[in-house]
2 protein chains.
Amino acid sequence: VAERHFADRLFESAAKKNSVVCVGLDPRAEWLPASLGKPPESFVPFCAAIVAAVKSYVAAAKVQVAFFEEHGAPGWAAFEKVCGQARDAGLPVIADVKRGDISETAEAYARGLLDRMPVDALTVSPYLGADSVQPFLERCRRGKGMFVLAKTSNRSSSDFQDLEAGGLPLYLHVARKVRAWGKELLGESGYSAVGLVAGATHPQQAARLRAEAPDLPFLVPGYGAQGASAGDIAACFDRAGRGAIVNASRSIIFAYRGARAASKYKESEFARAAEDAARSMRDEIRAVLPGR
Amino acid sequence: VAERHFADRLFESAAKKNSVVCVGLDPRAEWLPASLGKPPESFVPFCAAIVAAVKSYVAAAKVQVAFFEEHGAPGWAAFEKVCGQARDAGLPVIADVKRGDISETAEAYARGLLDRMPVDALTVSPYLGADSVQPFLERCRRGKGMFVLAKTSNRSSSDFQDLEAGGLPLYLHVARKVRAWGKELLGESGYSAVGLVAGATHPQQAARLRAEAPDLPFLVPGYGAQGASAGDIAACFDRAGRGAIVNASRSIIFAYRGARAASKYKESEFARAAEDAARSMRDEIRAVLPGR
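This write-up is about the structure you can find in this document. (Residues numbered from 1 in each chain as written. Chains lettered and ligands numbered in written order. Predicted model: local features only at pLDDT ≥ 70, side-chain atom pairs only at ≥ 80, totals over all residues. Heavy atoms only, no water.)

1. Observations concerning the overall build of chain A
Helix and strand content of chain A: 12 helices and 10 strands. The dimensions of chain A, computed from C-alpha atoms along their principal axes, are 55 × 40 × 35 Å. Looking at the 292 residues of chain A, the share that counts as buried comes to 64%. At a minimum sequence separation of 6, the contacts of chain A that also span at least 24 residues come to 74%. Summed over its atoms, the accessible surface of chain A is roughly 10,100 Å², and 49% of this surface lies on carbon and sulfur atoms. Across chain A, 38 positive and 33 negative side-chain charges occur, with their mean positions spaced 4 Å apart. (Helix = DSSP H or I, 4+ residues; strand = E, 2+ residues; numbered from the N terminus. Buried < 20%, exposed > 50% of the residue type's maximum accessible area, 1.4 Å probe, protein only. Contact = heavy atoms within 4.5 Å. Areas by Shrake-Rupley, 256 points an atom, 1.4 Å probe, with all protein chains shown as cover. Lys, Arg positive; Asp, Glu negative; His and termini not counted. Charge placed at Lys NZ, Arg CZ, Asp CG, Glu CD.)

Following this line, the structure appears as structure tokens:
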């Protein structure tokens, strides 16, 4: 069954919440309130409580599969439930999987993640090129979305992503190709169902990406715990304050553990801490965006 | 518990079997003999029969996680069992996962795949650079291995991997960095625990990779069903006929479905067909290798 265009759904959600925040559901076994039981089963009530607390302040949810996958089969069962809960709460769900493989294998990933799981979009590695993303593009024609890694938020992203070929860094070559792949997939919002990952920790590169690809939605990681602030991400947005969502994981979902918050929240108040953190982040970013 | 050096174990296995073949355990739900039951549970007896049939003719096994992952939690349970079976049969097991993520997420992948699963090595995407592989390198100091994607076997690998930066294509930049990462991890064989993926379908690029990185073990996909032949892979080996393993998946494990084989094997003879295919491939490659 075809769903509505992914970017339209994403930016409608952002408009409705008046928020460009994406909550990163990255549960760490060692940081969860002990009262919730054992991981990975405890991830389900933990994330349910977080989603219920933050859903009014966030546009979308990103779920990092690695923290589930490390627990094997029960981890995958929890991953499916957590994605479903976020979706049931009305949030577009991005599976942060960074998959990338040759075509028949990519087809298996697409079947598993986009056809079978309660997931709206995924993150994809570009390293294998066009044929490796075809199965995902096919699903983008039916309402799914994908974000291709261009410039990631980590320090070593410069190792390969900044290499210049023909005067253009690799991350901009990626942006060009992705733009060509996503050209046929523009929604009513003017944005494609295919987007880019542009780390908030590299504001200059993010600005170059935005100039290169004005019609690709950006997923912007690195806010909060990874060090980027509101001013760093302004360039990712268009003049209407649209075009990107900004992810924070730890700084929202583990806000109750934060250094400053230590005295402010009890462990049992983890959801309220997340709610406060999501609201603050929404307001911080809103203050620097045009058109808001 | 530390295991012996990965490359030493890998090349000892190759010497013992007098084979550089790696069998790719990529079970496809739609191609499995119906008598084995339903996927993904049927993957377990299917792969067990294949491993028992081919283990004398292959040096290692590579398990493609995507074909398991697409079945969710039961798929992961089957993945773990299939890896364990291959390992119990004495084969070094490479999890073909092509993961690549920022450091704490990479650490979760490393914990899940290398610490928790019965797996000896994994495939890794280089796109995120040095910090994204640190958790894997750490495990390589304790007997595990990894193969970083350099030049993949698919046609679109040229999209980014062949881009030239400073006169050097990206895949050679990757090889240089990986060589630096693996420098401290040389085994008694002279090869590092850290290797490269070099597609058999691109023999010229594979030869350049070998020249650039004489001490990195190569995992060479693309043989058989993907079109490469024995002559294409000779450049991946050293003068002793060592230094690489050559993967084939479909052409071994689904040999009983092959066009020519259609009249030769019954469905129930799938394991014998795989055995014949593995033996033939071993002999084909042996004929073109130096020192064998």
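2. Section: the packing of helix H2 (residues 43–54) of chain A against helix H12 (residues 270–288) of chain A
Residues and elements named next belong to chain A. With their axes 8 Å apart at the nearest point, H2 and H12 run at an angle of 40° to one another. By the angle between their directions, the pair H2 and H12 is classed as oblique. The way H2 lies across H12 gives a crossing that is right-handed. Within the contact between the two elements, H2 uses Phe46, Ala49, Ile50, Ala53 and Val54 and H12 uses Phe270, Ala271, Ala274, Glu275 and Ala278. (Axes fitted to C-alpha atoms, helices over the stretch in contact; angles between N-to-C directions. Parallel < 35°, antiparallel > 145°, perpendicular 65-115°, else oblique. Left-handed = near helix turned anticlockwise from the far one by under 90°.)

3. Description of the side chain of Asp215(A)
Tracing the backbone shows Asp215(A) in the loop between helix H9 (203–212) and strand S9 (218–220). In contact with Asp215(A), not counting residues within four places along its chain, are Arg179(A), Leu186(A), Gly190(A), Tyr191(A), Ser192(A) and Arg210(A).

4. Some details on the nonpolar core
Counting 230 residues, the largest nonpolar core has Leu25(A), Ile252(A), Leu25(B) and Ile252(B) as its most contacted members. Residue contacts for Leu25(B): discarding those within four places in its chain leaves Cys47(B), Ile50(B), Val51(B), Ala61(B), Lys62(B), Val63(B), Gln64(B), Phe68(B), Val82(B), Ala86(B) and Ile253(B). (Core = buried A, V, L, I, M, F, W, Y, C linked by side-chain atoms within 4.5 Å.)

5. Looking at the relation of the copies chain B and chain A
Expressed as a screw operation, the relation of chain B to chain A combines 0.0 Å of axial shift with a rotation of 180°, fitting to an RMSD of 0.0 Å. In short, the pair behaves as if placed about a two-fold rotation axis. When the interface residues of chain B are mapped onto chain A, 98% of them are again interface residues, pointing to one common binding face. (Least-squares fit on C-alpha atoms with pLDDT ≥ 70 in both.)

6. Topic: the pattern of salt bridges
With the rule as written, the count across this model stands at 58 salt bridges over all chains. Put simply, Arg28(A) and Glu104(B) hold a salt bridge, and the shortest N to O gap is 2.2 Å. Here Arg28(A) is found in the loop between strand S1 (21–25) and H2, whereas its partner Glu104(B) is found in helix H5 (residues 103–116) on a different chain. (Salt bridge = Lys/Arg side-chain N within 4 Å of Asp/Glu carboxyl O.)

7. Focus on the interface of chain B and chain A
Taken together, the 58 residues of chain B in the interface contact 57 residues of chain A. Interface area, chain B with chain A, both sides summed: about 4,700 Å², of which 56% is carbon and sulfur. Among the residues chain B hides against chain A, the three largest losses belong to Glu70(B), Tyr127(B) and Phe160(B). Together they make up 18% of the total. One can count 12 salt bridges joining chain B with chain A. Put simply, chain B and chain A have 32 residue pairs in polar contact (both at pLDDT 80 or more) between them. Elements represented by at least two residues in the side of chain B that touches chain A include exactly helix H3 (66–69), helix H4 (72–88), strand S3 (93–99), H5, strand S5 (145–151), helix H7 (158–161), strand S6 (164–165) and helix H8 (170–182) of chain B. Residue classes in the side of chain B that touches chain A are distributed as 25 nonpolar, 17 polar and 16 charged. (Buried area = accessible area lost by both parts, 1.4 Å probe. Polar contact = N/O pair within 3.5 Å; in protein donor to acceptor, adjacent residues only side chain to side chain. Nonpolar A, V, L, I, M, F, W, Y, C, P; charged D, E, K, R; others polar.)

8. Quick word on the pairing of strand S10 (residues 244–248) of chain B
Residues and elements named next belong to chain B. Where burial is concerned, most of S10 is hidden: 5 out of the 5 residues are buried. Here S10 shows a buried face lined by Ala244, Val246 and Ala248 and a second buried face lined by Ile245 and Asn247. Pairing of strand S1 (residues 21–25) with S10, which is carried by 3 bridges, proceeds in the parallel orientation. Looking at the pairing, valine 23 lines up with alanine 248 of S10. Across 3 bridges, strand S9 (residues 218–220) lies against S10 in parallel orientation. Paired with phenylalanine 218 across the strands is alanine 244, a residue of S10. (Pairing = 2+ DSSP bridges.)

9. Notes on the sheet that holds strand S3 (residues 93–99) of chain A
All names here are of chain A. If you trace the 8 strands once around the closed barrel, you get S1-S2-S3-S4-S5-S8-S9-S10, paired in parallel fashion. Adjacent strand axes in the sheet meet at a mean angle of 30°, parallel and antiparallel pairs treated alike. Where helix H1 (residues 6–17) meets the sheet, it contacts strand S2 (60–64), S3, strand S4 (121–124), strand S5 (145–151) and strand S10 (244–248), and its direction lies at approximately 80° from that of S5. Here helix H8 (residues 170–182) sits on the sheet in contact with S5 and strand S8 (194–198), set at roughly 160° to S5.

10. Section: the sheet that holds S1(B)
Residue and element names in this part refer to chain B. Here we have 8 strands rolled up into a closed barrel, ordered S1-S2-S3-S4-S5-S8-S9-S10, and parallel in their pairing. Each adjacent strand pair in this sheet contributes to an overall mean axis angle of 30°, direction not counted. Packed onto the sheet, helix H1 (residues 6–17) meets strand S2 (60–64), S3, strand S4 (121–124), S5 and S10 and runs at close to 80° relative to S5.

11. A look at the packing of aromatic side chains
Residues and elements named next belong to chain B. Scanning the model with the defined rule gives 21 aromatic pairs over all chains in all. Their ring planes at 20° and their centres at 5.0 Å tell us that phenylalanine 46 and phenylalanine 270 sit as a pair that is stacked. Note that phenylalanine 46 is positioned in helix H2 (residues 43–54) and phenylalanine 270 in helix H12 (residues 270–288), a separation of 224 residues in sequence. Here phenylalanine 46 matches phenylalanine 270 in class, with each residue buried. (Phe/Tyr/Trp six-rings, centres within 6.5 Å; stacked < 30°, edge-to-face > 60°.)

By themselves these figures say nothing about function.
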